[in-house]
Amino acid sequence: MSLKSVSSDIASFLFVVFSFYADIFALFPAAFRVGLWILTIALQIFSYGFKIKYEKKVLVVSFLMLCFVFIRNNEFINGGFMGTARFLFPFLFLLLMIHNAPSYKKLIRYMAAVGMTHVAGTYMFFFIPSLYSYMRQLWGYYPTGTSSGTYGYRAGFTNHYSHNGVVLVVTVLCFFAVLMASNQKTNFKKKLSVILFVVALFALIMTSKRAVLIFGAISMIAVFYMFGSKKKRSRFTLLLLGGIGVFIVLFFAYQYIPVVQHTVSRFLTIGDDKESMSRYEFWEVALSNFAQHPVFGIGWLGFRYIYHDELFKSSGRAERYSYMNAHNVYVQLLCETGIVGTALFIIVAVFLLFTVFKLIRYCNKSGYKSPYIRELYFSCAMQIMFLMYCFTGNCLYDITFPFYAIAAMFTLGCNLKYKKMMGSTTVKKPFALKTGKFLNRFS
């Protein structure tokens, strides 16, 4: 193994560890975190021999997107920079890793392994609740969703039960991708993956986080339905049987298992609880400011300062929530970047999603056993989950974005890799489905 390969592996591992434990890293001084990000980027650049590869069209689109981040940046205007830096780190890592497809398999393994530490933490605090007092000492407060530490397992090693839901759903999607890509009917690795998938999924249910559970389930069902079977009838039958099975399990669990009772009751109160009602206020304020600045918006990260000035004092929230996002990425983008910036984001997101659809479909139809099919399945499921979660969460601004960056990187990198295999020198189309050149390369 070469020094450059080791450098790339270390960079990938550091990126994954930071993504899963961003809350704990946030306790360290800003200089430490920025230094860690610079080290990660530097190690990745070193793995290329300081010769950075790039695609012109990707670079142009990235430049346009970053213009909305840097021009009229409200955080800069108010003397801050860490929120922007936290966004730029995965963005830059994405651009650097597009040409490093050999590292993709290790990224999936790293995510599954590090994600399982959060699964273990969730169960640990459930069975030994007294241990959660150490997390209280670490944060200096009881994280939201834990009922003053009574249900510490819901937040696990994160500082908010929503964050635990995010890292757990990413872990679930990793094992889902492994199972989708597996061609073996029965073997030890597949059985182990099934067990870990179920264990991680139930840990996700325990968090009582509605959005990630719903959107994660929908994304997996969608990917399975589109790519998991050749016959639609068999797909429908499996989905129907699976749905009936889940309903039966939840019916009995609701009556006898308190943790399931709480999760189900959370679904029964969607739209009526205080959390949901407060978001309507956020959206109303964001859309009001969008109406005043419809073309380019008020500037990046501007909503959180509007929230602080107009909504925070009357919210009754703790001081740590004095600068909040809108809990709807599309609404917040309209407010901050206007129609132009929001349209650019949606165009890029749709392009990435349709590209990964085409890549997976081609590999399945052609019979070509892609070495990156597992990564493509994860990318597809993660993108679907992310785009849905954008309707109710802050996933472009919080710990969810690094995982979406990984998903986008898998799509762009695999797309580029396959085109090079076909001998293409352009990137005009996502992936040529109507050509036999690609398959002939491996015949």
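Just so we're clear, the structure is a prediction, and the values are computed from it rather than from any experiment.

Engineer: What exactly am I supposed to notice about the overall build of the protein chain here?
Structural biologist: Each helix and strand in the protein chain was counted, giving 20 helices and zero strands. In the protein chain, which comprises 443 residues, the share counted as buried stands at 52%. Contacts in the protein chain between residues far apart in sequence, at least 24 positions, make up 73% of those at least 6 positions apart.

Engineer: Would you take a moment to explain the packing of aromatic side chains for this structure?
Structural biologist: Two aromatic rings are characterised by how far apart their centres lie and by the angle between their planes. What the rule picks out here adds up to 38 aromatic pairs. Ring geometry for Trp37 against Phe89: centres 5.6 Å apart, planes inclined by 15°, an arrangement best described as stacked. On the criterion of sequence distance, the pair formed by Trp37 in helix H3 (residues 30-47) and Phe89 in helix H6 (residues 82-97) is long-range, its members being 52 residues apart. Of the aromatic side chains, those joined through ring pairs into one cluster are Phe15, Phe18, Phe25, Phe28, Phe32, Trp37, Phe89 and Phe93. The side chain of Arg136 reaches across the aromatic face of Tyr142, ending 5.2 Å from its centre. Positioned over the ring face of Tyr141 is Arg320, at 3.6 Å from the centre of the ring.

Engineer: Whenever I open this one, the packing of helix H7 (residues 104-127) against helix H9 (residues 161-181) confuses me. Can you help?
Structural biologist: Two quantities define a packed helix pair, namely the angle between the axes and the distance from one axis to the other. Interaxial distance between H7 and H9 falls to 8 Å at its minimum, and their mutual angle equals 130°. One element, H7, and the other, H9, form an angle in the oblique class. Taken as a pair, H7 and H9 cross one another with a handedness that is left-handed. Of H9, the residues touching H7 (which contributes Ile108, Met111, Ala112, Gly115, Met116, His118, Val119 and Thr122) are Asn164, Val167, Leu168, Val170, Thr171, Cys174 and Phe175. Along the lines of polarity and charge, the residues of the contact of H7 with H9 split into ten nonpolar, five polar and no charged.

Engineer: Got a minute to help me understand H6 in this structure?
Structural biologist: Working note: α-helix, 3.6 residues per turn, so residues spaced by three or four point in the same direction. With 16 residues, H6 ought to run about 22 Å at 1.5 Å a step, and its terminal C-alpha atoms sit 23 Å apart, in line with that. Counting buried residues in H6 gives 13 out of 16 residues, a clear majority hidden from the surface.

Engineer: Please clarify how the pattern of salt bridges should be interpreted in this entry.
Structural biologist: Any two side chains of opposite charge can pair if their charged atoms end up close together. Taken as a whole and judged by the stated rule, the model has two salt bridges. Notably, a salt bridge pairs Asp9 with Lys106, separated by 2.7 Å at the nearest N-O pair. Placement of Asp9 in helix H1 (residues 3-20) and of Lys106 in helix H7 is noted, with a sequence separation of 97 residues between them. Residue Lys106 is classed as partly exposed on the basis of its relative accessible area of 23%. Here Glu375 makes a salt bridge to Arg374, at a shortest N to O gap of 3.4 Å. Each member of the pair Glu375 and Arg374 is classed as buried.

Engineer: How should I be thinking about a nonpolar patch on the surface in this particular structure?
Structural biologist: Side chains of Leu27, Phe28, Phe32 and Leu138 sit close together on the surface and give an oily, nonpolar patch of about 350 Å² of accessible area. Its place among the elements puts Phe32 in helix H3. Its relative accessible area of 41% is what places Phe32 among the partly exposed residues.

Engineer: I would appreciate a short explanation of the nonpolar core in the present structure.
Structural biologist: One broad trend across soluble globular proteins is that nonpolar side chains are buried collectively. Phe20, Met111, Val223, Tyr377, Phe378, Leu396 and Phe410 are the most contacted members of the largest nonpolar core, which totals 119 residues. Considering each element in turn, this core owes the most residues, 14 residues, to helix H17 (residues 329-366). When near neighbours in sequence (up to four residues on either side) are disregarded, Phe20 contacts Met111, Val114, Gly115, His118, Val167, Val170, Thr171 and Phe403. If you look at the next biggest cluster of nonpolar residues, it comprises 14 residues, including Val285, Ile298, Phe312 and Ala326.

Engineer: Would you mind showing me how to read unusual backbone geometry here?
Structural biologist: Note: most peptide bonds trans; most residues except glycine with negative phi. For Ser147, which is not a glycine, the phi torsion comes out positive at approximately 50°. Unlike most non-glycine residues, Leu301 shows phi in positive territory, near 60°. Mapped onto the elements, Leu301 comes out in the loop between helix H14 (274-292) and helix H15 (303-310). On the basis of relative accessibility, which here comes to 2%, the residue Leu301 falls in the buried class.

Engineer: Any chance you could explain the side chain of Ser8 here in plain terms?
Structural biologist: For Ser8, the location among the structural elements is in helix H1. For Ser8, a relative accessible area of 3% puts it in the buried group. When sequence neighbours within four positions are dropped, the list of residues in contact with Ser8 reads Gln44, Ser47, Asn100 and Ser103.

Engineer: Got a minute to help me understand the packing of H1 against H3 in this structure?
Structural biologist: It is the contact of H1 with H3, at a shortest axis distance of 8 Å, that shows an interaxial angle of 150°. Put simply, H1 runs roughly antiparallel to H3. The two elements H1 and H3 meet at a crossing, and its hand is left-handed. Along the contact surface, H1 presents Leu3, Lys4, Ser7, Ser8, Ile10, Ala11, Ser12, Leu14, Phe15 and Phe18, while H3 presents Leu36, Trp37, Leu39, Thr40, Leu43, Gln44, Phe46 and Ser47. Partitioning the contact of H1 with H3 into residue classes produces eleven nonpolar, six polar and one charged.

What counts, and at which threshold
Residues numbered from 1 in each chain as written. Predicted model: local features only at pLDDT ≥ 70, side-chain atom pairs only at ≥ 80, totals over all residues. Heavy atoms only, no water. Helix = DSSP H or I, 4+ residues; strand = E, 2+ residues; numbered from the N terminus. Buried < 20%, exposed > 50% of the residue type's maximum accessible area, 1.4 Å probe, protein only. Contact = heavy atoms within 4.5 Å. Phe/Tyr/Trp six-rings, centres within 6.5 Å; stacked < 30°, edge-to-face > 60°. Lys NZ or Arg CZ within 6 Å of the ring centre and 35° of its normal. Axes fitted to C-alpha atoms, helices over the stretch in contact; angles between N-to-C directions. Parallel < 35°, antiparallel > 145°, perpendicular 65-115°, else oblique. Left-handed = near helix turned anticlockwise from the far one by under 90°. Nonpolar A, V, L, I, M, F, W, Y, C, P; charged D, E, K, R; others polar. Expected span 1.5 Å × (residues − 1). Salt bridge = Lys/Arg side-chain N within 4 Å of Asp/Glu carboxyl O. Patch = residues over 30% accessible without salt bridge, like charges linked within 9 Å, V, L, I, M, F, W, Y side chains within 5 Å. Areas by Shrake-Rupley, 256 points an atom, 1.4 Å probe, with all protein chains shown as cover. Core = buried A, V, L, I, M, F, W, Y, C linked by side-chain atoms within 4.5 Å.

In short, geometric facts, not functional conclusions.
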